[in-house]
Structures are given as C-alpha cells and as structure tokens.
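What follows is the residue order along each chain.
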Amino acid sequence: MYFQHNDGAENRQGIKFTTKHAFLVLTGFVAAGLGLRQVLESGLKVKQKVYQHSPVDKVLQALVGILGGCRFMKDLNRAASPIAKDRSVARAWGQKTFAHFSTVCRTLRAFTAQDVLTLADLLGSITKRRLEPILRKLAGPDGRGLIVIDVDLSGQKVRGETTQYTGTAFGYIQGQLARGYQIAAAFLHTGADRFAVAGQLKPGNARCATCLLELIPHIEAVVGRPRRRVEFVQQCADELQKQIAQIEHDLKNLGKGRGVPQRRKALESRLEEQRQRLAEVKARLAQYHRENADNPTPRRIVLRADSAFGTAEAIQLCLELGYELVMKRYSVTPYRDLFDAAPPECWTDVGKKRQASEALPIPAVSLLSPFSLRQVAMQRTDVDGRVVRAVIVTTLRPDEFPLRNLVRLYEARQSIEAAFQECKHTFHFGTPRLRSAEANGAFTQLVLFAFNLVRWTEQVTTKVSGRPVRNGTRLWVWTAAHCEATVTLTLKPLSCTLRFSRRSGLAGLRIVAEIPPDPEFTCCPKRTSGLFAPMLS
C-alpha cells in the first residue's frame with residue numbers, strides 16, 4: 001500500500017473500512033512503510049507475461065498467504081474465508097484485487113536460480129535497514145560489543161511422489177534418512193528476540209560446513225564485516241612456504257632403490273597440492289587486505305553453531321575472515337575414553353547435571369598455522385541417564401567469558417531451534433509448497449522475511465487497549481489474521497487503528513500502529529487514494 005499525502009478529507013477523517021483479515025491489513029501498512037513493493041519492482045525481473053497482475057504482485061500475494069497461515073497455496077482461494085477475495089487486504093498491499101492461487105504458483109515456478117538470489121538480496125537490503133539500529137546498539141560506542149549470529153540447518157522432507165521434486169537428495173532429515181531439502185539459515189540473537197538474517201534452500205545431502213561458507217557473504221551484506229585476520233593468513237602462507245621447501249629438499253635427496261619411484265610420485269603430487277594451496281592463500285590474503293581497507297568500522301561477530309559446522313576447513317576460513325567462534329568441534333572419533341580418563345577434580349559444575357573443563361588434553365584443531373583456540377570439554381546427563389559429550393571451540397578469552405559464562409553463551413544457541421519451529425509450524429513450512437527447487441527457494445526467502453515482518457509489526461504497535469492479549473507470532477498469524485475488524489487509516493499523522501469485531505476471537509481489542517518519522521521507514525507517495533476511494537466512509 002502506497003500513501004499519498006494531501007490535505008483532503010481523507011487526512012482529516014481517515015479512511016475507514018472493514019476486513020475479515022485484520023492483521024494482514026496491518027502488515028500491508030507496515031510493508032508499505034518499508035517500501036517493500038518498490039524495492040522488489042526495482043530489481044526483481046521474472047520473465048513472465050503480465051496481464052492483470054505483475055510477478056511482484058503475485059510474490060507479495062504469496063507473502064500474504066504465509067502471513068495468513070495458509071497451509072497450502074490453494075487456501076488463498078479455497079479456505080473458509082478466502083484471503084484472495086478480501087479486497088481490503090489486496091488494497092492494503094497495493095493491489096486492486098488478488099490473483100488466483102494457480103497464477104501465484106505459476107510465477108514462483110518461473111523463478112530461476114538468479115531470480116532467487118535477487119529476491120534474497122532485495123529482501124536482505126530491507127532487513128539491513130531495519131536491523132542497523134539494533135546492530136549499532138549491540139556493537140556499542142567502541143564497536144567491541146558482540147553480535148551473535150546463530151547458524152543451523154533444518155530438514156524439509158518431501159511428500160508424495162518424491163522424484164517429482166527437483167533439487168532434492170537423500171539426507172538426514174527429521175531424525176531419519178529421507179529425500180528432501182535442507183534449509184540453511186542464519187539468525188541474529190539480540191537477547192530479547194531473534195531476526196532472520198540470511199537463508200538458502202539446499203539439497204538434502206548438503207554439508208553443513210559448505211552451507212556456512214556460502215551463507216557468510218549474505219550475512220555480511222546485512223550485519224557487516226569483521227576485520228580480516230591478515231596476520232594469521234600471512235602465517236599460514238609462511239608455513240606453506242616452509243612445507244614446500246621441505247618437500248623440494250626431500251625430492252632432491254631421493255636416492256635410488258626399491259620404492260623410490262613411488263615415493264617420488266607421492267612427493268610430486270603433494271608438492272603440486274601445496275603449491276596450489278599456497279596460491280589460494282595468497283589470493284585470499286590480497287583480497288582480505290582490500291576488504292580491510294574498505295571497512296573502516298569492522299564489527300565483532302560471533303558465529304555460534306553445532307558440531308556439524310565445526311570442521312577444520314570451516315574453522316580455518318572463519319578465523320581468516322575475522323569471526324569469533326563458539327561452536328562444537330566436529331570429530332569422527334568419540335571423546336569417551338578421553339573424558340573418562342579425566343580426574344573428577346578437573347570438572348566444574350556449570351548447570352544442572354552439566355560439567356565442563358578446560359584441563360583435558362584435547363588434540364589441537366588441524367589448521368594451516370597454529371592459532372590460540374580455547375577448547376572446552378563439556379558433558380551432560382540426560383533424563384534417561386545417557387551421557388552426552390562434546391568439545392566447544394572458541395576464540396573468546398577467559399577474562400571476557402569465564403567457563404560458566406561461555407557454556408551459557410553456547411547453550412543459548414537453542415534459540416535458533418525455536419526460530420525453525422516457528423517457521424515450520426506457525427507458517428506451515430515443514431514440507432515444500434511446490435515441486436520446483438527454485439520456487440521453494442523463493443518461498444524460503446519469503447518465509448524468513450515474514451518471520452521478521454511480524455516482529456517489525458509488533459514494534460510499530462504503539463497502543464493496545466481492551467482485552468489483554470499476549471504477543472506472539474501464532475496469535476497474529478493464526479488468530480488476528482482471520483478476525484473481522486474495522487480499520488481506520490489516518491494519513492496525518494500516519495497511523496492504522498484496528499478495532500476487532502464482537503464476533504471475532506479478539507473481541508474488544510483495539511490496536512493502534514504508527515509509523516515513526518524515519519526517512520528510511522516512510523511510505524511512498526504513490527497511488528493509494530484511488531485504491532481506497534470506494535472504502536471511504
């Protein structure tokens with residue numbers, strides 16, 4: 001919805017109308033303030049004929065369906081109270097009417113891989129603007145505050161004829177081997193809330209470490225970049241130079257005899273591999289110097305992840321990129337013997353049935369060059385008596401995060417599990433909506449944006465009167481999005497008032513949302529009065 005500022009009767013009395021989907025009108029009001037439509041129209045160019053509705057119209061309609069808790073795309077038209085037939089919602093989202101759900105699906109199926117990336121970048125630009133005040137507060141005046149980013153994968157099992165879904169693969173999904181997708185996502189943890197930062201849809205057999213490295217550029221586009229550790233990368237290059245010199249020395253001193261040809265072939269192969277690795281490290285070093293020069297205000301970002309992300313390769317590159325790490329270490333061998341051999345006095349109680357220690361002789365992470373990493377052994381006893389053992393790898397110093405605080409910091413990672421549960425259950429995204437990988441990739445971006453949009457809508461809700469309610473995504477999506485209400489739009493000042501009907505589940509509730517006078521959070525002066533003219537009371 002785009003607002004036109006004028007001095008007519010609309011501004012004095014407001015635009016008053018009724019709707020059966022109150023929350024969706026309110027989110028349309030907030031999305032207009034974010035300039036969502038114009039951002040999408042500026043960059044999203046889906047190759048499709050336009051008749052009555054443009055591809056952007058149908059992408060926004062898919063977002064409305066997500067915010068309305070539609071389990072299937074057909075619910076847009078075939079639910080008991082169809083969203084697609086509510087013209088008040090359509091006009092709140094800048095359209096005269098909504099399209100049929102089949103054309104929405106057709107548009108999503110027309111997406112290419114590049115269109116999905118474009119959609120992610122455009123939505124990410126809006127997320128960046130909205131999260132910047134929060135990021136500045138977390139970083140603090142000196143820029144040394146920690147910005148915690150949680151990264152994880154969540155499986156999405158396909159249903160029915162699994163071979164008809166493109167881009168799927170067998171993997172460990174929902175506790176069993178199944179065909180489907182993996183959703184790789186990063187969330188900003190603020191302590192009081194969480195926000196989706198970036199996400200991708202990958203095949204079911206995607207490796208966690210690879211997904212992490214692919215997510216990092218999208219995370220940095222929203223959150224910012226840390227200072228690259230060029231000194232550490234230079235040490236890695238020097239270490240590789242020494243190894244290459246040693247291999248060349250061994251090749252020169254090879255004698256003659258049995259097994260020498262095989263030994264020579266192995267050394268030559270290793271030499272070529274190390275030279276290639278050195279060239280890659282030097283290329284990264286030059287790139288890191290350029291990035292540091294272009295980044296006058298680096299941020300201190302903590303990557304928090306479980307053991308599937310804690311491979312030596314991922315840790316090496318994250319250290320080079322300048323991130324602080326708090327993640328479990330990946331290991332193919334169990335730690336049982338090492339933990340059992342530790343004396344009882346070396347363990348410290350860090351919680352109920354939880355112990356941790358930094359005194360265990362845990363082998364160092366295999367990196368290109370030595371780096372000072374803290375390794376914390378941690379074990380807990382579950383309710384069934386099973387002992388779970390893990391090793392936490394971190395770059396945070398003991399004086400900043402003592403042992404107990406470090407364990408608490410890592411255990412707060414469970415907030416990303418709650419975020420995934422919200423996406424899957426509240427927005428009904430536990431299974432793919434369409435059979436095209438690109439369509440589901442676009443849908444993934446819309447679900448993550450809807451995750452944030454609900455929270456931004458709560459932020460601009462300034463007054464709530466009537467019956468007391470507890471804020472929550474399910475309340476808004478499952479209840480408020482399907483309640484009848486009288487909506488009053490006032491353009492001077494810019495506000496939206498919802499008064500829920502006595503026949504609705506939120507009878508007596510009155511909500512007032514106001515858009516603050518922020519130049520980055522204002523509505524665009526285009527084609528609103530014409531859309532709402534028939535609704536003027």
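This section reports on the structure supplied with the text.

Observations regarding the nonpolar core
Counting 144 residues, the largest nonpolar core has Leu36, Trp93, Ile149 and Phe500 as the members making the most contacts within it. Ranked by the residues each element gives to this core, the list is headed by helix α16 (residues 437-459), at 12 residues. Beyond its immediate chain neighbours, meaning those up to four positions away, Phe500 contacts Ala22, Ala480, Cys483, Glu484, Ala485, Leu506, Ala507, Gly508, Leu509 and Ile511. If you look at the next biggest cluster of nonpolar residues, it comprises 16 residues, including Val350, Phe401, Leu403 and Leu406.

Section: the packing of helix α8 (residues 113-139) against helix α9 (residues 208-223)
For the pair α8 and α9, the least separation of the axes is 7 Å and the interaxial angle reads 45 degrees. Relative to α9, the element α8 lies oblique. Taking contact as the criterion, the partners of Leu117, Asp121, Gly124, Thr127, Lys128, Leu131 and Leu135 in α8 are, on α9, His218, Ala221, Val222 and Val223. Here the contact of α8 with α9 is composed, by residue class, of six nonpolar, three polar and two charged.

A closer look at the environment of Ala80
Within the fold, Ala80 resides in the loop between α5 (75-78) and α6 (87-92). Residue Ala80 is classed as exposed on the basis of its relative accessible area, which comes to 88%. Along the primary structure Ala80 and Arg37 are separated by 43 residues, whereas in three dimensions their C-alpha atoms are 28 Å apart.

What to know about the packing of aromatic side chains
A full pass over the atoms with the stated rule returns seven aromatic pairs. Each ring, one from Phe187 and one from Phe420, has its centre 5.8 Å from the other, and the planes form 75 degrees; the classification is edge-to-face. Placement of Phe187 in strand β4 (residues 176-189) and of Phe420 in helix α15 (residues 414-426) is noted, with a sequence separation of 233 residues between them. By relative accessible area, which is 1% here, Phe187 ends up buried. Residues Phe429 and Phe443 carry aromatic rings whose centres are separated by 5.8 Å and whose planes lie at 25 degrees to one another, so their mutual orientation is stacked. Taken together, the residues span a long stretch of sequence, with Phe429 in the loop between α15 and α16 and Phe443 in helix α16 at a distance of 14 residues. By relative accessible area, Phe429 is classed as buried at 2%. Take Phe443: its relative accessible area is 1%, and that puts it in the buried class. Site record: aromatic cluster; members linked through ring pairs are Phe187, Phe420 and Phe451. Over the ring of Phe72 we find Lys74; its NZ or CZ atom is 5.7 Å from the centre of that ring. Taking the ring centre of Phe451 as reference, the NZ or CZ of Arg455 above it sits at 3.8 Å.

Concerning the side chain of Thr426
Along the chain, the position of Thr426 falls in helix α15. Assessed through its relative accessible area of 2%, Thr426 is described here as buried. What Thr426 contacts, discounting residues up to four positions off in sequence, is Gly69, Gln421, Thr473, Arg474, Val477 and Trp478.

Topic: the state of the cysteines
A complete count under the given rule lists zero disulfides for this structure. The cysteine Cys208 is free of any disulfide, with Cys211 supplying the nearest cysteine sulfur at 6.4 Å. A residue is classified by how much of its surface remains accessible, and Cys208, at 18% relative accessible area, is buried. Cys318 takes part in no disulfide bond, and the closest cysteine sulfur, belonging to Cys208, lies 13 Å away.

About the cut-offs
Residues numbered from 1 in each chain as written. Predicted model: local features only at pLDDT ≥ 70, side-chain atom pairs only at ≥ 80, totals over all residues. Heavy atoms only, no water. Core = buried A, V, L, I, M, F, W, Y, C linked by side-chain atoms within 4.5 Å. Buried < 20%, exposed > 50% of the residue type's maximum accessible area, 1.4 Å probe, protein only. Helix = DSSP H or I, 4+ residues; strand = E, 2+ residues; numbered from the N terminus. Contact = heavy atoms within 4.5 Å. Axes fitted to C-alpha atoms, helices over the stretch in contact; angles between N-to-C directions. Parallel < 35°, antiparallel > 145°, perpendicular 65-115°, else oblique. Nonpolar A, V, L, I, M, F, W, Y, C, P; charged D, E, K, R; others polar. Phe/Tyr/Trp six-rings, centres within 6.5 Å; stacked < 30°, edge-to-face > 60°. Lys NZ or Arg CZ within 6 Å of the ring centre and 35° of its normal. Disulfide = S-S within 2.5 Å.

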